[in-house]
Amino acid sequence: MTTTDTEPIADEPIGNRQHGTGTRATRLLGVATIITMGWLVAFGLGFSPADRDQDEAVRILYVHVPTIWLAYLAFVVTAIGSGLYLFTKKHSLGFDRAAGASAEIGVVFMAVTLAVGMMWGRITWGVFWQWDARLTTTALLFVSYIGYLAVRNLGGSHEQRAKRSAVVGLLIVLEIPLVHFSVRMWRSLHQEASVLDTDGDIDMDGLMLFSLFVGVVAFTLLYVWLLLHRTRALAMQDMLDDRGLDVALAARRAEGVAR
Amino acid sequence: MTPTARWRIARLVAAKDLRIEWRSRVLINQVLPFAGVTMIMFAFALDASDVLERVAPGLIWLATLFSLLVLVQRAFAVEADDGALDALRVAGVDPIAIFWGKSLALAAQLAVLEVVLVISAVLLYGADVPVGGVVLLVTTLVAATAGLACVGTLYGGLTAGFSGRETLLPLLILPVVAPVLIGATRAVESALGTGGVALSEGWPWIGLLAVFAVAFGVGGALAFGPLIEESN
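Since this is a predicted model, take the numbers as computed values, not measurements. (Residues numbered from 1 in each chain as written. Chains lettered and ligands numbered in written order. Predicted model: local features only at pLDDT ≥ 70, side-chain atom pairs only at ≥ 80, totals over all residues.)

Enquirer: Looking at this structure, I do not really get the confidence of the model for chain B. What am I missing?
Expert: Close reading of the predicted structure is inappropriate where its pLDDT is low. Residues of chain B with pLDDT of at least 70 account for 99%, and the chain-wide mean is 88. Note on the complex model: pTM 0.83, ipTM 0.84. (pLDDT = per-residue confidence, 0-100.)

Enquirer: Just checking my understanding: could you explain the interface of chain A and chain B for this structure?
Expert: For an interface, size is often stated in terms of accessible area lost upon the parts coming together. Taken together, the contact between chain A and chain B spans 23 residues of the former and 22 residues of the latter. Contributions of two or more residues to the side of chain A that touches chain B are made by helix 4 (133–152) and helix 5 (158–186) of chain A. Across the side of chain A that touches chain B, the residue classes tally to 14 nonpolar, 6 polar and 3 charged. (Contact = placed C-beta atoms within 7 Å. Helix = DSSP H or I, 4+ residues; strand = E, 2+ residues; numbered from the N terminus. Nonpolar A, V, L, I, M, F, W, Y, C, P; charged D, E, K, R; others polar.)

Enquirer: Even after reading the chapter, I still don't get the packing of helix 3 (residues 49–81) of chain B against helix 8 (residues 178–192) of chain B, so can you show me in this structure?
Expert: Axis angle and axis distance: for two packed helices, these are the angle between their axes and the distance between the axes, and together they describe the pair. All names here are of chain B. Put simply, helix 3 and helix 8 touch, their axes get as near as 8 Å, and they point 140° apart. As summarised for this structure, helix 3 and helix 8 are arranged oblique, according to the angle between their axes. The interaxial crossing formed by helix 3 with helix 8 has right-handed handedness. In this structure, helix 3 uses Pro57, Gly58, Ile60, Trp61 and Leu65 to contact helix 8, whose residues at the interface are Leu181, Ala184, Thr185, Val188, Glu189 and Leu192. Along the lines of polarity and charge, the residues of the contact of helix 3 with helix 8 split into 8 nonpolar, 2 polar and 1 charged. (Axes fitted to C-alpha atoms, helices over the stretch in contact; angles between N-to-C directions. Parallel < 35°, antiparallel > 145°, perpendicular 65-115°, else oblique. Left-handed = near helix turned anticlockwise from the far one by under 90°.)

Enquirer: So what exactly am I meant to see when it comes to the packing of helix 3 (residues 93–124) of chain A against helix 6 (residues 206–258) of chain A here?
Expert: All names here are of chain A. One way to put it is that helix 3 packs onto helix 6 with a least axis distance of 8 Å and a crossing angle of 130°. When the axes of helix 3 and helix 6 are compared, the pair comes out oblique. Helix 6 is crossed by helix 3, and the crossing has right-handed handedness. Residues Leu93, Arg97, Ala98, Gly100, Ala101, Ser102, Glu104 and Ile105 of helix 3 lie in contact with helix 6, whose contacting residues are Tyr223, Leu226, Leu227, Arg230, Thr231, Leu234, Ala235 and Asp238. Taken together, the residues of the contact of helix 3 with helix 6 sort by class into 9 nonpolar, 3 polar and 4 charged.

Right, dumping it as structure tokens:
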């Protein structure tokens, strides 16, 4: 081969020269997360009283409730990201990466919810698992999002990944009400929600409620912090993939020239 | 595109799929025997015959779901192997019509499978079909089959042509079709009068199955075009 239009790519700068995924803002956020987590430990394990019925097991709820709320929030963010990717003109991959990052965090949080919920169930109900509507829906949702993450790893171009996973991300939203309704028709015995029930007043001790509030703040900060870092890490990974292809092409071309 | 034209193309796609199926005999030689052996395995696992009679409706649908996974893989292996799906797209065949056509072919195969499974439940598990329950039973089969075929086609198209699809499909499909398993099992229980369930208790479940079929029929038709456009 005698092509002469090869360009030296090796020492060309790649976009911005940023190392790592941290910025000033995320570092501050990280510190705030650590501090509120410390608060949560202090209030959850120390200051808040034991419950009359549930005894010390009530402390599990300071992790159980915030993680499930955040997991659902994370999945809502995934759905919004999927919708924005699919229905905006630009089809920006940023939406896709945010959706993916949010789903990853949601799955982790939901795993925590299920794990600590089982411990709580064993202590309070005497069994690890009850076949009730909310538990069963949550379990199926958990598996569905593991499937969503698997779809993201199927391979192909970034655009293919984004389109496929966006469709799955939206289909799961279609699936949630169907699953929930059918399981509810099947059976239901989960403890009614104590904070977000419909009658408006909150049936909880003040210090317990405050501990729960600290938990929600702590896990929300953790979620945002993880989301920012993970989205940036995914962007870098995509960049690396693109870059890797360019470098390989350049190497092949250089071989051709050398011959 | 007019609905009649779309329907005509869908019928052609379905006929193509069923012709391939008929010539290769995969349904008859492999999927039906697989479903049969599954029913026998259930009997080994659950042993007592009164238990088997009690859970027969659930086992019919579990065997259907397992066989659905096999059928879906088959339906899209046929398309992906020689780039047939791309050829259809290049030929300008409407993706919604492809979706309906493939769903229709899958539904036809599922229907055969379900009838065989119901018969095997009667023969092997001692379930009996009361005359009064036949209408409910047939309605359940139709409604559940429609939903399963749409979900199967949608997720089959989603993973078509990718190397990990054999292992990924069950993970994607099973959580989605959980409502069908619940609804169809309860409806068949009341159609067969299993455990003294009244016939009238079955009909509300048909509503659930119908909503499911419509939701995934519409959602699938809308999503299918963008999905197969870029699959390689």
